[in-house]
Amino acid sequence: MIGKLTGKLDGLLEGGCIFDVNGVGYLLSCSTKTLDRLRDVQGQAAMLVETQVRQDAIVLVGFGSAAERDTFRKLTSVQGVGTKLALDILSAFGPEDLAEAVRRGDRTGLRQANGVGAKLADRLVTELRDWAGGIQPPSGIATGPATAAPPAGAAADAVSALMNLGWKRPEAQAAVNRAQARLGEGVPLESLIRDSLKELAR
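Residues numbered from 1 in each chain as written. Predicted model: local features only at pLDDT ≥ 70, side-chain atom pairs only at ≥ 80, totals over all residues. Heavy atoms only, no water.

Named according to an unreviewed UniProt entry, the protein is Holliday junction branch migration complex subunit RuvA originating from Belnapia arida. The UniProt entry for the protein carries the following text under Sequence similarities (unreviewed entry): "Belongs to the RuvA family." Looking at the Subcellular location (unreviewed entry) heading of the UniProt record, one finds this comment for the protein: "Cytoplasm". (UniProt positions renumbered as here; feature names shortened; annotations may be inferred.)

(A) Looking closely at unusual backbone geometry. Phi is positive for Asn22, close to 55 degrees, though the residue is something other than glycine. Mapped onto the elements of the fold, Asn22 is located in the loop between strand S2 (16-21) and strand S3 (24-29). Asn22 gets classed as exposed once you look at its relative accessible area, which sits at 73%. (Helix = DSSP H or I, 4+ residues; strand = E, 2+ residues; numbered from the N terminus. Buried < 20%, exposed > 50% of the residue type's maximum accessible area, 1.4 Å probe, protein only.)

(B) Main features of the sheet that holds strand S1 (residues 4-13). Strands sit in the order S1-S2-S3-S5-S4 around a closed barrel of 5 strands; the barrel is mixed. Adjacent strand axes in the sheet meet at a mean angle of 55 degrees when their direction is disregarded. Across the sheet, helix H2 (residues 66-75) touches strand S4 (45-53) and strand S5 (58-63), and the angle it forms with S4 is around 15 degrees. (Pairing = 2+ DSSP bridges. Axes fitted to C-alpha atoms, helices over the stretch in contact; angles between N-to-C directions. Contact = heavy atoms within 4.5 Å.)

In structure tokens form, the structure reads like this:
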């Protein structure tokens, strides 16, 4: 069983990458967030790996952090969530952001992840509630009954616009999240779309 690989990014594929370790290319399935981090690494990088042995194949899933790997394991324990769907969810949400959405019961936000419908969003909120309670909230975010969910209008519109241009939801969501984190809340929609496109062009 493979638990960790140290090497460098050799090529990008849909839903993953080829990770070169001493001349041997390992095919890893990854979230878009992990792929984005790999693009920025100069030289070698360490990847945590989940090895899945199936009847017809051995699948390697790569992660940029232990938190992402542990969240993947928790997601795949939920009925109806397999490897691909778990990675789609992790492409839209980092572990802390996912936990925050579950704590708030933000079913609409959870449905921004590719493949998550109303029923699965309900199931995620219900089955991940205890897990989410043990995850540290993102810096600067308060929790509790008085906390209002942040407006998702501009972000949702930006994601929709990028999808209309041909990008898949996980890629569009990840780009918008990065752009919004850099530009701050309240950014005009046109600026958010323009900056998100720059992220996708990297």
